[in-house]
Amino acid sequence: MADALWRGHEIGAPLARVHPSGWDALDRELPGGGWPCRALTEVLQARAGAHEWRLLAPCLPRLASTGRSLALVGPPWVPHGPGLQQLGLPARQLIWVQADSEAERLWASEQLIRANACGALLAWLPQASPEALRRLQVSAQGNDGLVLLFRPQAARHQASPAPLRLLVQHSPDWALRVRLLKRRGPPHDSELRLPSVPGALDALLAPRLRALGRRAPENEEAADVVGRTDPSRSERRQRQRA
C-alpha cells in the first residue's frame, strides 16, 4: 500500500506497468514516465479523429511488436490499412468494432477490457456518463494493457474517474499541443508542445509546406492519414438515390 501514497507536490509512483509514450517531454510529466496500464487514460480534443494517431504513433508499434492486438471501438473514421501499416501496425493485429450507439460502444469496451485480450484498447465515447466511466475504470484495474478513451473537449468540465486526462490541440506548424488536466501529482499548468507531422510526410514536406497548417482553423482540422470518412446512413442513402 505504500506505493499508493504520494505527496501532493510530487508526481505519484505508478501502481502498475507503464508504456513510454515515445515523447520525451510528455513522459517526463507522466507518473512512471509513460501511459499507464490498469487504468483509464482520457484524451480530450475538439474534433474526434484529429490527433489520436499522431499522439500514439510512437507507442503503438512497440505494443504491436509483442504480438498483442489493438482494438478500436467506434472510431469516427474507417481504419485505413495502408496508413496503419505505415505506422507499423499490421492489419492482422487490428480488431475493429463498428458500434454506432453509445450503449454499444460502452458494452463492447467493457467486454474487451474484462477479457484482457488486447495490448491497447482505443474507444471513442463522446457521451459517456461519469457512472459508465467509473465502471470502465473498475474493469481497467484488472487489465494489463492500455485503455485510452477519446472524448470531446467539452468533457473537461465533467467529473471523470480516469487517473490521467489530457487535452490535445494542434499548432499551425503541425505540432501537437498537450495539456495535462489530471494526473497523480501536482497540477501541470504549462502546455507541452510535441513536434509532429502526420504519417510519412515528415521527409516530404518542404519548410514552406509545413506552414500550410496555418490555413486550417482549430475546428476544421483534417483527420490523421490513417483514417478516412465513414459516410453516415443518410449520406449513403442520398448517394444511392443519385
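Described in the following lines is the structure provided in the data block.

What counts and what doesn't
- Residues numbered from 1 in each chain as written.
- Predicted model: local features only at pLDDT ≥ 70, side-chain atom pairs only at ≥ 80, totals over all residues.
- Heavy atoms only, no water.
- Buried < 20%, exposed > 50% of the residue type's maximum accessible area, 1.4 Å probe, protein only.
- Helix = DSSP H or I, 4+ residues; strand = E, 2+ residues; numbered from the N terminus.
- Pairing = 2+ DSSP bridges.
- Right-handed = clockwise from strand over helix to strand, strands pointing away.
- Arc of directions from axis to C-beta.
- Contact = heavy atoms within 4.5 Å.
- Polar contact = N/O pair within 3.5 Å; in protein donor to acceptor, adjacent residues only side chain to side chain.
- Axes fitted to C-alpha atoms, helices over the stretch in contact; angles between N-to-C directions.
- Salt bridge = Lys/Arg side-chain N within 4 Å of Asp/Glu carboxyl O.

1. A look at the pairing of strand E8 (residues 146-152)
The element E8 is largely enclosed, with a buried count of six among its seven residues. Sheet topology note: the strand E3 (residues 40-45)/E8 ladder contains six bridges and is parallel. The residue of E8 that forms the bridge with Leu 40 is Val 147. The sheet contact formed by strand E7 (residues 118-124) and E8 spans five bridges and is parallel. In the sheet register, Ala 120 faces E8, and the bridge partner there is Leu 146. Running through helix H6 (residues 130-140), the crossover from E7 to the neighbouring parallel element E8 is right-handed.

2. Notes on H6
All buried positions along H6 are accounted for by Ala 132, Leu 133, Leu 136, Gln 137, Ser 139 and Ala 140. Down the axis, H6 shows its buried residues gathered within 160° of arc, on one side only. Residues of H6 that are buried sit in contact with E3, helix H5 (102-115) and E8.

3. A short note on the pairing of strand E4 (residues 69-73)
In terms of burial, E4 is largely enclosed, as four of its five residues are buried. Here E4 runs beside E7; their pairing, made up of five bridges, is parallel. Across the sheet, Ser 69 pairs through a bridge with Cys 118, a residue of E7. Here four bridges tie E4 to strand E6 (residues 94-97), and the two strands are oriented parallel to one another. Note on E6: the bridge partner recorded for Val 73 is Val 97.

4. Considering the environment of Arg 134
Within the secondary structure, Arg 134 is located in helix H6. In the structure, Arg 134 is positioned 28 residues away from Ala 162 in sequence and 8.0 Å away in space, judged by C-alpha atoms.

5. A short note on the side chain of Arg 165
One can find Arg 165 in strand E9 (residues 164-170). The exposure class of Arg 165 is buried, given its relative accessible area of 6%. Within polar-contact distance, the side chain of Arg 165 engages the side chain of Glu 42 at 3.0 Å.

6. Details of the sheet that holds E6
The strand order across the open sheet built from eight strands is E6-E4-E7-E8-E3-E9-E10-E11, with neighbouring strands paired in mixed fashion. In the strand order of this sheet, the two ends are held by E6 and strand E11 (192-194), each with one partner. Between one strand axis and the next, the sheet turns by 20° as a mean value, whatever way the strands run. Against the sheet, H5 contacts E4, E6, E7 and E8, and its axis sits at roughly 165° relative to E7. Sheet strands in contact with H6 are E3 and E8, and its direction is about 135° off that of E3.

7. Observations regarding the side chain of Ser 139
By the secondary structure assignment, Ser 139 is in helix H6. Apart from the residues within four sequence positions on either side, Ser 139 is in contact with Glu 110, Ile 113 and Arg 114.

8. Considerations on the pattern of salt bridges
All told, the structure shown has nine salt bridges when counted by the stated rule. Ionic pairing is found between Asp 144 and Arg 38, a salt bridge with its closest N-O pair at 2.5 Å. Of this pair, Asp 144 sits in the loop between H6 and E8 while Arg 38 sits in the loop between strand E2 (35-36) and E3, and the two are 106 residues apart along the sequence. Taking relative accessible area as the criterion, Asp 144 reaches 35% and is therefore assigned partly exposed. We classify Arg 38 as partly exposed; its relative accessible area is 34%. It is possible to trace a salt-bridge network through shared partners that takes in Glu 42, Arg 151 and Arg 165.

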